[in-house]
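Breakdown of the fold
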Protein chains: 2
Amino acid sequence: MSETAISPVVILCEPQMGENIGGAARAMANFGLSELRLVRPRDGWPNEKAAANASRALHVIEAVKVYDRLEDAVADLGFVYATTARSRDVTKEVRGPVHAGRHLRALDAAGVRSGILFGRERWGLDNDEIALADEILTLPVVPEFASLNIAQAVLVVAYEWRKAGFEGEDVGLPFGPAERSPPATKEELMHLFEHLEASLEERNFFRPTVKKDTMVRNLRAIFQRTQLTAQEVRTLRGVIATLEGRTHRPTKVKGPAQTPAAGEGPDEQDGEGDGA
Amino acid sequence: MSETAISPVVILCEPQMGENIGGAARAMANFGLSELRLVRPRDGWPNEKAAANASRALHVIEAVKVYDRLEDAVADLGFVYATTARSRDVTKEVRGPVHAGRHLRALDAAGVRSGILFGRERWGLDNDEIALADEILTLPVVPEFASLNIAQAVLVVAYEWRKAGFEGEDVGLPFGPAERSPPATKEELMHLFEHLEASLEERNFFRPTVKKDTMVRNLRAIFQRTQLTAQEVRTLRGVIATLEGRTHRPTKVKGPAQTPAAGEGPDEQDGEGDGA
């Protein structure tokens, strides 16, 4: 997104604590917002605690604009959400963060400057301040424990705005899974199974005999579900061989329903060749 | 949700700052999580700063369990997410918070205890700790400003878990719009329009005459879009009457394309009756 692209402004009305201003800036930067406006910050501006709590969001802190009146802070905006935790007796729509994120993106796309207004730590916004907004925004908190601080509320809204800028779900993650070697082919898997099952059969693992087929299927299901890579199959075959006490993998492999032929004991299965 | 319902456990590995433990507890409580486990908290436990920063989440702080080893903190869990900000060279799925929220709910429903693991403030989790988890969880932050603190990361995940417990979007908000009086009927609106248009016509507002119909439609569109309540219509009619200098609303109203009949000036329209 270019620097000249429109994005919502965050407005804090009479923020009391520098830590919260810094936390709000930090929340904003993580999710792509950068314009922060303060109306009558209690401790004035600049504020050392705000900068100290801003982490990598110093660019937001440095660009903060300070206003004496909320009317001036929203003057250039075409749409404002007032974020509140408690119901107000006022005839405005009440929206959740998912809707708000999408609507804010639509406003961005239409070139309309928008703002998200947050109130004081203890008592939020007063009704005159809410009157300056278009709609109310509230978060789906559990009512008996509702106590999000300003920075946390900013975080959730900024996060939803960030998500709404992507098509699809969980897009925009900073990384994906590590590159992995290709999956084992079914032939490679079958050699692993046969190797394992032969070893177990020799050691009388599949008892009673009538349950062998089921036990074999259950074992194979474990490894199928693991989606082993070719490398992992080789590793497991080495594990099996080590446990058997062999240094080489057997060259002859048996199918699942067979028992060792007479005279064909473990020693005769040692071989130098690569059976897989 | 009953107290015995299963919900994810939040695990902080070697948290350095009591403020972040408190912030994490606060984030959890707001979105319905309550079980917090700490592995080797740097400043021990209990921690005054944690309690001081927990706001209404003291019940979470009081129920904290402390462990010497991460293995013990996850011992009873069937599924664990390891939350990281940076890519790791490890063969695990990488998920975003939306997917994780839904998956955690599915685990809850299946009676499987789950955990969400977060690392140290500065350097997160090491690879051995990640190895204890099933999948990696990461948040869609802007890479160049990625600096969410532990409490902020907990907040986003807890928020998505909360949302995933509801059907539909933006459900679970603590309140909705204030009850409003019923919408005005079209008849009430028409009386408002006719009142306003008659007043404006008398004062030669609709000039040039050829544009009157369009101007009337545009005015009516404003008020239609506002979805006025019956009370609001009455208020606006009083506003118009006051501006006109009247104390009573006119009884005779004119249609949009008419001009006042000869001899029928403002005074003769005053009446005591209720024309609306």
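The residue numbers shown here count from 1 along each chain, following its written sequence. For this description, chains carry letters from A and ligands carry numbers from 1, given in the order in which they are written. Restriction of local features to residues with pLDDT of at least 70 applies here, the model being predicted, together with a cutoff of 80 or more for giving and counting side-chain atom pairs; totals for whole chains, interfaces and linings are based on all residues. Hydrogens and water molecules were not included; the side-chain quantities draw on all heavy atoms of the structure.

What follows covers unusual backbone geometry. Pro46(A) follows Trp45(A) through a cis peptide bond whose omega is 0°. Along the chain, Pro46(A) falls in the loop between strand 2 (35-39) and helix 2 (48-52). Backbone torsion omega between Arg207(B) and Pro208(B) reads 0°, so that peptide bond is classified as cis. Here Pro208(B) lies in the loop between helix 8 (186-202) and helix 9 (212-225). Phi is positive for Gln227(A), close to 50°, though the residue is something other than glycine. Non-glycine residue Asn204(B) carries a positive phi angle of around 60°. Each helix is a run of H or I in the DSSP string that is no shorter than four residues. Each strand is a run of E no shorter than two, and both are numbered from the N terminus.

Next up on the list: the packing of helix 1 (residues 18-30) of chain B against helix 7 (residues 150-164) of chain B. Between two packed helices, both the angle of their axes relative to each other and the distance between the axes serve to describe the pair. Residue and element names in this part refer to chain B. What counts as an axis is a line fitted to C-alpha atoms, over the stretch in contact for a helix, and the angles between N-to-C directions run from 0 to 180 degrees. Contact geometry of helix 1 with helix 7 gives a least axis separation of 8 Å together with a crossing angle of 10°. As judged from the angle between their axes, helix 1 and helix 7 are roughly parallel. Between helix 1 and helix 7 lies a crossing whose hand is right-handed. Facing helix 1, whose interface residues are Asn20, Gly23, Ala24, Ala27 and Met28, helix 7 presents Ala151, Val154, Leu155 and Ala158. Its residues placed into classes, the contact of helix 1 with helix 7 shows seven nonpolar, two polar and no charged. Small angles under 35 degrees read as roughly parallel and large ones over 145 as roughly antiparallel, with 65 to 115 read as roughly perpendicular and the rest as oblique. Note: crossing handedness is left-handed where the near helix turns anticlockwise from the far helix by less than a right angle, and right-handed where it turns clockwise. Two residues form a contact once any of their heavy atoms are found within 4.5 Å. Any residue that is not Ala, Val, Leu, Ile, Met, Phe, Trp, Tyr, Cys, Pro, Asp, Glu, Lys or Arg is counted as polar, Gly included; the first ten are nonpolar and the last four charged.

Let us look at the sheet that holds strand 3 (residues 65-67) of chain B. All names here are of chain B. The seven strands lie next to each other as 3-2-1-6-4-7-5, forming an open sheet whose pairing is parallel. Since the sheet does not close on itself, it has two edges, and those belong to strand 3 and strand 5 (94-95), each with one partner. Two strands pair if DSSP finds at least two bridges between them. Pairing of strand 5 with strand 7 (residues 135-137) involves two bridges; the strand directions are parallel. Paired with arginine 95 across the bridge in strand 7 is leucine 137. Strands in contact with helix 1 are strand 1 (9-13) and strand 2 (35-39); relative to strand 2, the strand with the most contacts, it is inclined by about 155°.

By nonpolar core is meant a set of buried Ala, Val, Leu, Ile, Met, Phe, Trp, Tyr and Cys residues that side-chain atoms within 4.5 Å join together. Buried, partly exposed and exposed residues are distinguished by accessible area as a fraction of the type maximum, computed with a 1.4 Å probe on protein chains only: under 20%, between the cut-offs, and over 50%, respectively. Leu12(A), Leu36(A), Leu12(B) and Leu36(B) are the most contacted members of the largest nonpolar core, which has 76 residues in total. In this structure, Leu12(B) is in contact with Ile21(B), Ala24(B), Leu36(B), Arg37(B), Leu38(B), Val39(B), Phe118(B), Ile150(B) and Val154(B), ignoring residues within four places of it in sequence.

Moving on: the domain arrangement of chain A. When the parts of a complex come together, some accessible area is lost, and that lost area is often used as the size of the interface. Splitting chain A by domain gives domain 1 (9-164) and domain 2 (180-267). Reported domain spans reflect what an automatic or database domain assignment gives. One C-alpha centre belongs to domain 1 of chain A, the other to domain 2 of chain A, and the line joining them spans 61 Å.

In this complex, chain A contributes 58 residues to the contact, which on the side of chain B involves 58 residues. Summed over both partners, the accessible area lost on bringing two parts together, with a 1.4 Å probe, is the buried area. The junction of chain A with chain B conceals about 5000 Å² of combined surface from both sides, 58% of it contributed by carbon and sulfur atoms. Between Lys or Arg on one side and Asp or Glu on the other, a salt bridge is scored when a side-chain nitrogen of the former is within 4 Å of a carboxyl oxygen of the latter. There are four salt bridges connecting chain A and chain B. Between Arg102(B) and Glu169(A) there is a salt bridge, and its shortest N-O distance comes to 2.8 Å. Any pair of N or O atoms that falls within 3.5 Å is considered a polar contact. Within protein, one atom must be able to donate a hydrogen and the other to accept it, and sequence-neighbouring residues count only if both atoms are side-chain atoms. On inspection of chain A and its partner chain B, the count reaches 26 residue pairs in polar contact (both at pLDDT 80 or more). Of all elements in the fold, only helix 1 (18-30), strand 5 (94-95), helix 5 (97-109) and helix 7 (150-164) of chain A reach the threshold of two or more residues within the side of chain A that touches chain B.

For the rest of this paragraph, the subject is the relation of the copies chain A and chain B. The atoms used to superpose the copies are C-alpha atoms, taken from residues with pLDDT of at least 70 in both, and the fit is least squares. Of the transformation superimposing chain A on chain B, the axial component is 0.1 Å and the angular component is 180°, with the fit at an RMSD of 0.1 Å. The relationship between the two copies is best expressed as a two-fold rotation axis. Counting the interface residues of chain A, we find that 100% of their copies in chain B are interface residues as well, pointing to one common contact surface.

Residues and elements named next belong to chain B. Summarising burial for strand 6 (residues 114-118): five of the five residues are buried, a large majority. Of the two faces of strand 6, the one carrying Ser114, Ile116 and Phe118 and the one carrying Gly115 and Leu117 are both buried. Where strand 1 meets strand 6, four bridges bridge the pair, whose relative direction is parallel. In the sheet register, valine 10 faces strand 6, and the bridge partner there is isoleucine 116. Across four bridges, the pairing between strand 4 (residues 79-83) and strand 6 is parallel. Residue pairing across strands places valine 80 opposite glycine 115, the latter belonging to strand 6.

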